[in-house]
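The primary structure of each chain is shown beneath.
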Amino acid sequence: MNIADDISFITAHGRIGTLRNVCLESGRLPEATLTFPVVSRRKVLLAALVNAFAGVFMPGASSQAIAAPAESEGEQFLRISRLLTGKSDLDPAIAARTLEAMTARDAQFSTRFGALAKALDTAGLHDITDFERTAIAADPALKQTTVEIVSAWYLGVVGEGETAKLVTYENALMFRPTRDVTAPPATGGGEFGSWSAKPQ
Amino acid sequence: MVSDYDADAIVIGSGVCGSLIANKLARAGKSVILLEAGPRMDRADIVNRYLGLANKANINGPYPDLPHARDSFGKDYIIEKGKTVNRPSYLRLVGGTTWHWAGAAWRLLPNDFKMKTLYGVGRDWPIGYDDLEPFYSQAEHELGVSGNDREDQGAAGRDHPFPPRSSPYPMPHAPFDYMHERIKQVLSGNGYKVLYEPAARNSRIYDERPACAGNNNCTPVCPIGALYSGSVHASKAEAAGARLIDNAVVHRIEAGAGGKISAIVYRTPDGVDHRLTARYFIAAAFAIETPKLLLMSVSDRYPQGIANSSGMVGRNLNCQPESRISFIAEEPLWPGRGPVHPQVFFRERDGDFRKSRAGGKHVINNNVPNQQIAARLLKQGVIGPRLDEEIRHQSARFIEITTQHELLPNPENRIVPSTTERDALGLPRPEIHFSREDPYLLAGAEATKRDYQHVMGLFGGRPFEDLRWAHPHSQGTTIMGSDPANSVVDGQGRTHDHPNLFIAGPSVMTMPGMVNPTLTASALALRSADAILHEI
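Residue numbers here run from 1 along each chain, matching the order of that chain's written sequence. The naming scheme follows written order: chains are lettered A onward, ligands numbered 1 onward. Per-residue local features of the predicted model are confined to residues with pLDDT of at least 70, and side-chain atom pairs are confined, for both listing and counting, to 80 or more; whole-chain, interface and lining totals are unaffected and use all residues. Excluding hydrogens and water, the side-chain values take into account all heavy atoms of the structure.

Novice: I'd like to hear about the pattern of salt bridges, residue by residue, with values.
Specialist: All names here are of chain B. Salt bridges, as used here, are contacts in which a Lys or Arg side-chain nitrogen is within 4 Å of a carboxyl oxygen on Asp or Glu. Enumeration according to the criterion identifies 40 salt bridges over all chains in this entry. We note a salt bridge from Glu289 to Lys292, for which the minimum N-O separation is 3.9 Å. With Glu289 and Lys292 both in helix 7 (residues 286-296), this residue pair falls 3 residues apart, about one helical turn. Note on accessibility: Glu289 and Lys292 belong to one class, buried. Under the scheme used here, helices are H or I runs from DSSP no shorter than 4 residues and strands are E runs no shorter than 2 residues, and both carry numbers assigned from the N terminus. Each residue is assigned to one of three classes by its accessible area relative to the maximum for its type, calculated with a 1.4 Å probe on protein chains only: buried under 20%, partly exposed between the two thresholds, exposed over 50%.

Okay, here's the thing in structure tokens:
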């Protein structure tokens, strides 16, 4: 066994990770262990700014997409996902995995998703805040498809039980609202005892 | 020197207890073979599997589920025939079940060893606290326990440390996170004793392993090895010369003349049997597999199986029935920062109440709660900005209390090898008969429910999830006692029936007490190793 201090490495997802003081029985690095001990306040602010700008330009981008007949199902899924989650910075790679998993799980998903996308475009919904005021919210089938898509992004998982499939862990949106205080378990290592401070 | 035996000692099971013994014997120069039913896995592989899991709430999830070493939670292995589904959790890989634990490293109290004499319930142990104390100290140093040396862990308000200890904790305790500091403030003034949980989790570099970095993932796997697991002593044993054979499922113990055990037989995943001989044997395969192995080892001379003249092997299947509720507090507390079980609280840990009801150890868990909260909100159809607001609001205020209760040994609670169902190796699957409907426990559970209401009130909580039960810490199935007519092993862990067969692990525990069994089982294992070393 040996202990290495603060190792930076590229994870299987192509990101740079840091492991602090990791104990390695075999002396080799974990290939996909993600440990970002500190999410700096500056990064969080920057992300917020990007979100704000994207929000401003979203409506235009969205109506352009309606006009463009060439939009693929993948592009459409990413656009609708951004609308339904209210997050303009969703990762296209995760979107592709999510769509693939949802389609594999339910042969009817493409049809159901198409119907939802059409209904959203027809309703002219540009901001999820207005969702409850649309007819879609009152339509059980469309509402279910909506929640399924939002659930996949928030939980990072498609489906339930033994056949559930992970599409992302550390980028699941459920962690975002508390990211300034807590990290996804196994990815939030920091200094020993850093947890004793009162969260601000 | 040519020996008539394959080894001085064969240890079956490479969990913390088996590995502690293998290491101690190997370090004394004895030849040791350590057999493990499951495979060898590296921490990095386990962490990778964890990160890729869809259901991260399944604590067995990242661990092997192989045809020859099935997941104890899997549908293809344990058969439940009792009133209550027992669902024991144990792991089959090198290092064993301490790969997924919170590191709780408690000593029993002196009175826990004499419940029959003092309170008229259960059984007395054949040994007392003083017999075990030196081995508790040894175990704390072997595992690397961080703890508080000043507290009365008997939760009786003594002004001195209790129970007595011959050496201080090897490491100081970790500081509480903000939430647990706040809980201590609130509960201490309201009738509870709030204590640091002693934990086999490093608070500094110890034994070539790092200090806890607060990854908040003790279960199912500590990503950095700050938390002890049995793999540490499996490695140490190997370094001291023990031969570790993984994927070796022992399914038969053979006895020779004079009741002495002569050999064991293990089967490899290819279905081939291998026979090994030794002077001493230690079965340390946990409270389900150890009795199953003994009961499977029937012969003309031992029609009830090995070590089973009392008929008690597999019986007295005990555990620490664990209740759980959760609520949303008024104030933000922020669970999910630091280790997952830093603290416990008791109403009482010992006293006359134990004549009539089970006591319990309460813990307010410290897990990042976002998943449960988000999943529930989404089930309710909440989306949009309110989803983010509610996730933040509830995650900051989520309180989950779990309570482990003591349960009295009951011979009707038992594990037997199935007579009809077999696994991929052709070996009988475990069949469990268990009931939680025990008046002593149920009376204790009523007191626990009152505490839950009280604590929820103190935090202005509104219920999140109703009461649920689990049955952790399986034990008692090769029960320790002084009378060979109603127990399986003596106070040293030696089987009454076979002078060279010892049993290690929580299956030997006479009574569970309210605290986690690992340190007690480890101390008993080290004591057994001492006894063996005096003879070989």
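There is more to say, and it comes next.
Novice: I'd love a proper account of the pairing of strand 14 (residues 398-405) of chain B, names of residues and values included.
Specialist: Two faces, one strand: in a regular strand the side chains alternate between the faces of the sheet. Residues and elements named next belong to chain B. The element strand 14 is largely enclosed, with a buried count of 8 among its 8 residues. Here strand 14 shows two buried faces, one formed by Phe398, Glu400, Thr402 and Gln404 and the other by Ile399, Ile401, Thr403 and His405. At least two DSSP bridges between two strands are required for those strands to pair. Direction of pairing for strand 11 (residues 322-328) relative to strand 14: antiparallel, over a ladder of 7 bridges. Counted as the bridge partner of Ile328 is Phe398 from strand 14. In this structure, strand 13 (residues 360-364) lies alongside strand 14, joined through 5 bridges in antiparallel fashion. In the strand pairing of strand 14, Val363 is matched with Thr402.

Novice: Before we move on, could you go through the sheet that holds strand 16 (residues 428-433) of chain B and cite the residues and values that matter?
Specialist: All names here are of chain B. In space, the 3 strands of this open sheet follow the order 3-16-15, with mixed pairing throughout. The outermost strands of the open sheet, each flanked by one partner alone, are strand 3 (79-80) and strand 15 (414-422). Pairing geometry for strand 3 and strand 16, over 2 bridges, is parallel. For Glu80, the partnering residue across the bridge sits in strand 16 and is Ile432. Contacts are assigned to residue pairs with any non-hydrogen atoms lying within 4.5 Å of each other. To obtain an axis, a line is fitted to C-alpha atoms, over the contacting stretch when the element is a helix, and the angle between two such axes runs from 0 to 180 degrees between their N-to-C directions. The sheet strands contacting helix 7 are strand 15 and strand 16, and the helix crosses strand 15 at an angle near 65 degrees.

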